[in-house]
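Structural features, examined
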Amino acid sequence: QVQLVESGGGLVQAGGSLRLSCVASGSIFSINNWGWYRQAPGKQRELVADITTYGATKYADSVKGRFTISRDNAKNAVYLQMNSLKPEDTAVYYCAVTQIGARYWGQGTQVTVSS
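This one's a predicted model, so the numbers in the text were calculated from it and none came from an experiment.

About the thresholds
- Residues numbered from 1 in each chain as written.
- Predicted model: local features only at pLDDT ≥ 70, side-chain atom pairs only at ≥ 80, totals over all residues.
- Heavy atoms only, no water.
- Core = buried A, V, L, I, M, F, W, Y, C linked by side-chain atoms within 4.5 Å.
- Buried < 20%, exposed > 50% of the residue type's maximum accessible area, 1.4 Å probe, protein only.
- Helix = DSSP H or I, 4+ residues; strand = E, 2+ residues; numbered from the N terminus.
- Pairing = 2+ DSSP bridges.
- Axes fitted to C-alpha atoms, helices over the stretch in contact; angles between N-to-C directions.
- Phe/Tyr/Trp six-rings, centres within 6.5 Å; stacked < 30°, edge-to-face > 60°.
- Lys NZ or Arg CZ within 6 Å of the ring centre and 35° of its normal.
- Salt bridge = Lys/Arg side-chain N within 4 Å of Asp/Glu carboxyl O.

For the rest of this paragraph, the subject is the nonpolar core. Judged by nonpolar contacts, the single largest core of 30 residues is most densely connected at Trp 36, Leu 80, Met 82 and Tyr 93. Mapped by element, the contributors of at least two residues to this core are strand E1 (2-7), strand E3 (18-26), strand E4 (33-39), strand E5 (46-52), strand E7 (67-72), strand E8 (77-82), strand E9 (91-99) and strand E11 (109-114).

Right, dumping it as structure tokens:
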């Protein structure tokens, strides 16, 4: 089992920045992918960005050039730096990690961007 704790959400004006953090604990060996997802009201959960064990990253088209995902292996953490935020970025953001045969989710953190 892997436990994930997210932090860093909040209310920000359009054009502002936030940094989300996610710290993993438990059976964290063999995690091969770390990701950030989001779910806005009435919409499906979608991938925002992910990063593999080897450092390869992938971003949703809607956040390319504005968001940056990074990892700190020593702290068992993954981060999402969000710049130039837009009202349409408003959602609950979830951290998720993937091991062989399993995916674990954090509890989510609310990000609200006001216009």
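Turning to the pairing of E8, a few remarks are in order. Counting buried residues in E8 gives five out of six residues, a clear majority hidden from the surface. Across six bridges, E3 lies against E8 in antiparallel orientation. Paired with Leu 18 across the strands is Met 82, a residue of E8. Here E7 runs beside E8; their pairing, made up of six bridges, is antiparallel. Bridge pairing in E8 places Asp 72 opposite Ala 77.

Spatially, the four strands line up as an open sheet ordered E1-E3-E8-E7, and their pairing is antiparallel. At either end of the open sheet lies a strand with only one pairing partner, and these are E1 and E7. Between one strand axis and the next, the sheet turns through 15 degrees on average, direction left out of account.

In this section: the packing of aromatic side chains. One pass over the structure, following the stated rule, counts two aromatic pairs. Ring plane angle 65 degrees and centroid distance 4.9 Å describe the contact between Tyr 37 and Trp 105, whose orientation is recorded as edge-to-face. With Tyr 37 in strand E4 and Trp 105 in strand E10 (residues 102-105), the pair connects residues that are 68 residues apart, well separated along the chain. You can call Tyr 37 buried: its relative accessible area is 11%. Aromatic side chains Tyr 94 and Trp 105 sit 6.4 Å apart centroid to centroid with 85 degrees between the ring planes, which places their arrangement in the edge-to-face category. Residue Tyr 94 is found in strand E9, and its partner Trp 105 is found in strand E10; the two are separated by eleven residues along the sequence. Tyr 94 gets classed as buried once you look at its relative accessible area, which sits at 14%. Pairwise contacts between aromatic rings join Tyr 37, Tyr 94 and Trp 105 into one cluster. In this structure, Arg 19 packs its charged tip against the face of Tyr 79, placed 4.1 Å from the ring centre. One residue, Arg 45, lies across the ring of Trp 105, its end atom 4.6 Å from the ring centre.

This part is about the pattern of salt bridges. Enumeration according to the criterion identifies five salt bridges in this entry. With its nearest N and O atoms 2.7 Å apart, the salt bridge here joins Arg 38 to Glu 46. Using a relative accessible area of 7% as the deciding quantity, one classes Arg 38 as buried. In this structure Glu 46 comes out as partly exposed when scored by relative accessible area, which is 35%. In this structure, the salt-bridge partner of Lys 58 is Asp 50, at a minimum N-O distance of 3.8 Å. Through salt bridges with shared partners, one network takes in Arg 38, Glu 46, Arg 66 and Asp 89.

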